[in-house]
Amino acid sequence: QVQLVESGGGLVQAGGSLRLSCAASRSISSFVAMGWYRQAPGKQRELVAQITSGGSISYADSVKGRFTISRDNAKNTVYLQMNSLKPEDTAVYYCNAQVVATITMSLLNVWGQGTQVTVSS
């Protein structure tokens, strides 16, 4: 079973930056994709950014040009660099991994525990 551990959240003023990290318990090179989601109070969880095993990257429109997702296969870690933060970016940020189950070959979603990001105005 894969485990994901996020770090790097915190409180920052509007316009500031944070970098989130997501460390996996095993090699991420075989993962179908890894990504970051966020959930604000009273709202549904939404995709922020995703990077596939082939290196394809996608972003939510609301973060394009401000956030950058990257991965370091040697460290089994995915990062989310967040710049020009806005109060509306305040949410719990969750790391996600899409992996293929060894026996069933089904696609599984694995989640981290989440890390709080708060942007003050």
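Going by the structure above, here's the rest.
Residues numbered from 1 in each chain as written. Predicted model: local features only at pLDDT ≥ 70, side-chain atom pairs only at ≥ 80, totals over all residues. Heavy atoms only, no water.

S.K.: Explain the state of the cysteines to me, please; I cannot follow it from the model alone.
M.R.: Every disulfide links exactly two cysteines, by a covalent bond between their sulfur atoms. Evaluated as defined, the whole model comprises 1 disulfide. Paired through a disulfide, Cys 22 and Cys 95 show a sulfur-sulfur distance of 2.0 Å. On the sign convention where negative is left-handed, the bridge of Cys 22 and Cys 95, at about -80° about the S-S bond, is left-handed. Of this pair, Cys 22 sits in strand β3 (residues 18-24) while Cys 95 sits in strand β9 (residues 91-100), placing them 73 residues apart in sequence. Cys 22 gets classed as buried once you look at its relative accessible area, which sits at 0%. (Disulfide = S-S within 2.5 Å. Helix = DSSP H or I, 4+ residues; strand = E, 2+ residues; numbered from the N terminus. Buried < 20%, exposed > 50% of the residue type's maximum accessible area, 1.4 Å probe, protein only.)

S.K.: Sorry if this is basic, but what is going on with the packing of aromatic side chains here?
M.R.: What the rule picks out here adds up to 1 aromatic pair. Here the aromatic rings of Tyr 37 and Trp 111 are separated by 4.9 Å at their centres, their planes lie at 70°, and the arrangement is edge-to-face. Of this pair, Tyr 37 sits in strand β4 (residues 33-39) while Trp 111 sits in strand β10 (residues 107-111), placing them 74 residues apart in sequence. The exposure class assigned to Tyr 37 is buried, which follows from its relative accessible area of 16%. For Arg 45, the ring lying beneath its charged end belongs to Tyr 94, and the centroid distance is 3.7 Å. Above the plane of the ring of Trp 111 lies Arg 45, whose end atom (NZ or CZ) is 4.6 Å from the centre. (Phe/Tyr/Trp six-rings, centres within 6.5 Å; stacked < 30°, edge-to-face > 60°. Lys NZ or Arg CZ within 6 Å of the ring centre and 35° of its normal.)

S.K.: Even after reading the chapter, I still don't get a nonpolar patch on the surface, so can you show me in this structure?
M.R.: A contiguous nonpolar patch, built from Val 32, Val 100, Met 105 and Leu 107 and spanning about 350 Å² of accessible area, is present on the exposed surface. Considering the arrangement of structural elements, one finds Val 100 in strand β9. (Patch = residues over 30% accessible without salt bridge, like charges linked within 9 Å, V, L, I, M, F, W, Y side chains within 5 Å. Areas by Shrake-Rupley, 256 points an atom, 1.4 Å probe, with all protein chains shown as cover. Salt bridge = Lys/Arg side-chain N within 4 Å of Asp/Glu carboxyl O.)

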